[in-house]
Amino acid sequence: MLTLGPIGFAAPWLLLALPVLPVLWWLLRVTPPAPKRQIFPPTRILRELQPAEATPARTPWWLLLLRLLVAGLIILGLARPIWQPSAGTGQSGPLLLVLDDGWAAAPDWARRMASAQRILEAAKREARPVALLTTAPLQGEADPLSFLPAEEAAARLAVLRPKPWVPDRAAALASVTALRAGNPGGFESLFVTDGLDHGAGQDSQAFLAALAAAGPLTLTQAPAEPRRVLAPPVLEGDRLRLKLLQAPVALPGQVAILARGGDGASLARVDLALAPGAGSAEAALQLPSEIRNQVVRLELEPEAGAAGVFLLDESFRRRPVGLAAGEDTGADAPLIGPLFYLLRALDPFAELRRGTPEALLARRLSVLILADRELADPKEREALDAWVRQGGTLIRFAGPRLAAKPDTLLPVPLRAGERQLGGMLTWEKPQTLAPFPDHSPFAGLIPPAEVTVERQVLAEPSPRLAERSWARLADGTPLVTAEARGAGRIVLFHVTAQAEWSNLPLSGLFVDMLRRLVSLSAGVAAGEADQPLAPLETLDGFGRLGAPPAGAAPIAARALDEARASPRHPPGWYGPAGAAGEAAYRRALNLSSHLSAPQLIGAPPASARLETLGGEAAERDLGPWLLAAAFALFLVELIAALGLRGLWRPRRFALPAVLLLALVPLQAFSQAADGSAALATRLAYIQTGDAAVDETSRSGLAGLSDFVNRRTAAALAEPHGVTAGQDDLSFYPLLYWPILPDAPAPSATAVAALNEFMRQGGIILMDTRDQGSGEGMSPGARAALRRVTRDLAIPPLIPVPEDHVLNRAFYLLNELPGRFAGGQVWVARDQDRANDSVSPVILGGHDWAAAWAMDRNGQHPHATIPGGVRQRLLAYRFGTNLVMYALTGNYKGDQVHVSAILERLGN
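All figures in this text were calculated on a predicted structure; none of them were measured in a lab.

Enquirer: Account for the sheet that holds strand β42 (residues 841-844), with residues named and values stated.
Expert: Strand order across the open sheet formed by 7 strands is β37-β36-β38-β39-β42-β41-β40, with mixed pairing between neighbours. In this open sheet, the two edge strands, each paired with only one partner strand, are β37 (717-722) and β40 (797-799). The average undirected angle you get between the axes of adjacent strands in this sheet is 25°. In this structure, strand β41 (residues 826-828) lies alongside β42, joined through 2 bridges in antiparallel fashion. Bridge pairing links Val 827 to Ile 842 in β42. Seen against the sheet, helix α16 (residues 691-711) touches β36 (682-686), β37 and β38 (734-738) and runs at an angle of roughly 160° to β36.

Enquirer: Account for helix α11 (residues 378-389), naming residues and giving values.
Expert: Along its 12 residues, α11 runs 16 Å from first to last C-alpha, staying within 8% of the 16 Å computed at 1.5 Å per residue. Turning to α11, its buried residues number three or more, namely Glu 380, Leu 384, Asp 385, Trp 387 and Val 388. For α11, the arc enclosing every buried residue in end-on projection is 160°, short of the 170-degree limit, so these residues lie on one face. Opposite the buried face of α11, by more than 90 degrees, sit the exposed residues Lys 379 and Glu 382.

Enquirer: Tell me about the nonpolar core, and please be specific about residues and values.
Expert: Counting residues in hydrophobic clusters, the biggest one holds 81 residues, and the most contacted among them are Leu 298 and Leu 342. Counting residues in hydrophobic clusters, the runner-up holds 36 residues, among them Phe 707, Val 708, Ala 714 and Trp 852.

Enquirer: Describe a nonpolar patch on the surface, naming the residues involved and giving the relevant values.
Expert: A cluster of nonpolar side chains, namely Trp 61, Trp 62, Leu 65 and Leu 644, defines an oily patch on the protein surface of about 470 Å² accessible area. Along the chain, Trp 61 falls in helix α3 (residues 61-78). Owing to a relative accessible area of 66%, Trp 61 belongs among the exposed residues under this scheme.

Enquirer: For the packing of helix α4 (residues 109-125) against helix α5 (residues 150-158), give the residues involved together with the corresponding values.
Expert: Helix-helix packing is described using two parameters, namely the angle between the two axes and the distance between the axes. Contact geometry of α4 with α5 gives a least axis separation of 9 Å together with a crossing angle of 170°. Taken as axis vectors, α4 and α5 run roughly antiparallel relative to one another. Of the two elements, α4 crosses α5, and the hand of that crossing is left-handed. Residues Met 113, Ala 116, Gln 117, Leu 120, Ala 123 and Lys 124 of α4 lie in contact with α5, whose contacting residues are Ala 150, Glu 151, Ala 153, Ala 154, Leu 157 and Ala 158. A class-by-class count of the residues in the contact of α4 with α5 yields 9 nonpolar, 1 polar and 2 charged.

Enquirer: Quick one: what's the story with unusual backbone geometry, residue by residue and with numbers?
Expert: The residue Ala 127 is not glycine, and still its phi comes out positive at about 55°. Mapping Ala 127 onto the fold places it in the loop between α4 and β7 (130-134).

Enquirer: Give a description of the side chain of Asn 881 that names residues and reports values.
Expert: Tracing the chain through its elements places Asn 881 in helix α20 (residues 868-888). For Asn 881, the side chain forms a polar contact with the main-chain nitrogen of Tyr 811, separated by 2.8 Å.

Parameters and conventions
- Residues numbered from 1 in each chain as written.
- Predicted model: local features only at pLDDT ≥ 70, side-chain atom pairs only at ≥ 80, totals over all residues.
- Heavy atoms only, no water.
- Pairing = 2+ DSSP bridges.
- Helix = DSSP H or I, 4+ residues; strand = E, 2+ residues; numbered from the N terminus.
- Axes fitted to C-alpha atoms, helices over the stretch in contact; angles between N-to-C directions.
- Contact = heavy atoms within 4.5 Å.
- Expected span 1.5 Å × (residues − 1).
- Buried < 20%, exposed > 50% of the residue type's maximum accessible area, 1.4 Å probe, protein only.
- Arc of directions from axis to C-beta.
- Core = buried A, V, L, I, M, F, W, Y, C linked by side-chain atoms within 4.5 Å.
- Patch = residues over 30% accessible without salt bridge, like charges linked within 9 Å, V, L, I, M, F, W, Y side chains within 5 Å.
- Areas by Shrake-Rupley, 256 points an atom, 1.4 Å probe, with all protein chains shown as cover.
- Salt bridge = Lys/Arg side-chain N within 4 Å of Asp/Glu carboxyl O.
- Parallel < 35°, antiparallel > 145°, perpendicular 65-115°, else oblique.
- Left-handed = near helix turned anticlockwise from the far one by under 90°.
- Nonpolar A, V, L, I, M, F, W, Y, C, P; charged D, E, K, R; others polar.
- Polar contact = N/O pair within 3.5 Å; in protein donor to acceptor, adjacent residues only side chain to side chain.

Structure follows, in structure tokens:
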């Protein structure tokens, strides 16, 4: 590498051709004389002969200079000049490039790769051997370090990606130690670090010390940018408490947390402001129960990699739990009511409902808890039995009523009477709890020694009593029994729900047991504690879900809560084999569950040199530019040489030159023509003046146009935003008009334009965005609808009939949902024969544009409620039918007359 000021030459030996330029000057200084054009009458040939001897003409100095300049540019271009080349470190010999590729490297991964590539380019030019060490390798990547040609190291670098786990500095230290043992002469080290300690403490300092001891050390790290972690949220009643952790920085920050559904749509957004020097920030996410239970993913915006993503499994769902006591009066009386302790234990993580079993089962319910309630009514027992067999979880607590009158909805038969201190079946002292068996969902919980039982109902001995016992007393008698029945289960606590027979309801163990039982209703079957959960989908370092890597291994269900993200168990979704599409059976392993607040790495060794990531000047290869300039000058020289020889005829080249110059205005004209509404079929939307609503309309119609183009023979261009009364509406077959609550009445000019548009066959889709599942989302929109349509010539409207063309123009549909579903859609009556009975207005409130919309990343920014992915597909299909209806009218309806037409043709 030869460096001359800010320019370096990657192939400097080619510069040896520059001294040859004088030889080229001597060879190129003669130009053959131009031929003389002369009339050729045969009788005057001899008379016109010139006896003077002709001599070659000299090449003009400017043409010679131009030729030498072309030759010089070619030589310089082939020598690969580089503007501001990486100067390297001034060292020679082997080079160790260390790259932090854990979770904290993801936000600025592109800059890290660019810095590492510049280091390898400099090493390649200096012919230095390079060893590449990453601190977060994949499973099975711990190969011994060795020095390779820089080209091979660059190939390995190109395939690296950030990993969704913590770097292992101890393993990296062992690799450096082994490399030092094999290279006693030492080597230079360049460490592109993420700047965090990662809880390694002494390992990080020892790693830096080992690098410094091996030779010169350079540390490259990002400027003062925060490294953020989305901590596990806390379920508090009806809301999620969100917490953000970051390495403190001196500047204020602004970050958002997005709540996304299973289809990737954003359901909610929470903004957090971080003060200068702050290490954390908190906020609350509060959503209606139906929407909150659809949230499966929280993520930071801007992107923060795997640590900025938290997956929410069924343990974060607030399951609806019904409670009923033997007597409603005094059921929640403090300390003595049968529901008092249950209400307080369940309230933090469940949606509680009270009432009779009949009233509770009338709504969707996951768990029903009966506190010493007898089931004397056969119809009530039958309804409960059917509900359990369909997947419900029935939890019952014992008491005097149940002991006196047991029924069939119990997991085990009961003995008559109770066992109690001082009774017929007596204990000498209160009984403590035995450790929970392995097959129990309570396995892993530790029974406190102070929890005792003084009274209980006893189960009749049976061969299956042991397998149905989830908790036992120290003497072996069952405390909690359970039985699977159909798709559901019945669980019985053999004590009361208040502290009358036992002090269990006073303990934290009671809360943990109820939490696990409620989680069973989400699909985690009893006895799965030892079942291996296979990786279904895992996160990469950028926080994107995908197929698990080859080294990912299953993990026992009971160990998942304590497992840390690692190469063997990457973060993501785990579950039984075949449960990839069943959310109820999936469990989440999150990177941030065991991450502490990010801490900056300690001070580097005094001998280390510090650099800022991205602070290096960008290299620029000047070779292609010089060769292009040489080619351009060569064309100029060619034209000049042809002119001197008399071979250049401007008239001959005039037409090609004119055509070449015409390409620019023709191209500009074609681009302008492409943007003209008259030359392409496209949809349009009425501009409301609200930037967010207009953007949703634009992206929604763009998404629908793309769907229609891919599924049909239609070719729709990009949609246009129009203003009635100002823009010509005749170019568009369909107008989408979102009605805002504060929308003013249109002007007389706008009314005339809209009426003319409908009279000429155009269709207006009016959307109030407030019907069905979106009820109340846009209050005031219906009053605004009456206001904006007061002067429009809208025919009488009726609900869309089942046989209407909108239901079968392309797809066969029986509902027309958008972002919302369940509302009524209105069209003109078929009896109105204007425009071949095509309805000029279609009216609804399903927020169709939001369902069709896609952002720049191909994601759907708005959730479809309540139907999810299936509902969005139906919304696209309705949009396709709508476009076909606007383009072709009632051609599908005309098919009913085919038989009559064929009969006429036959006659």
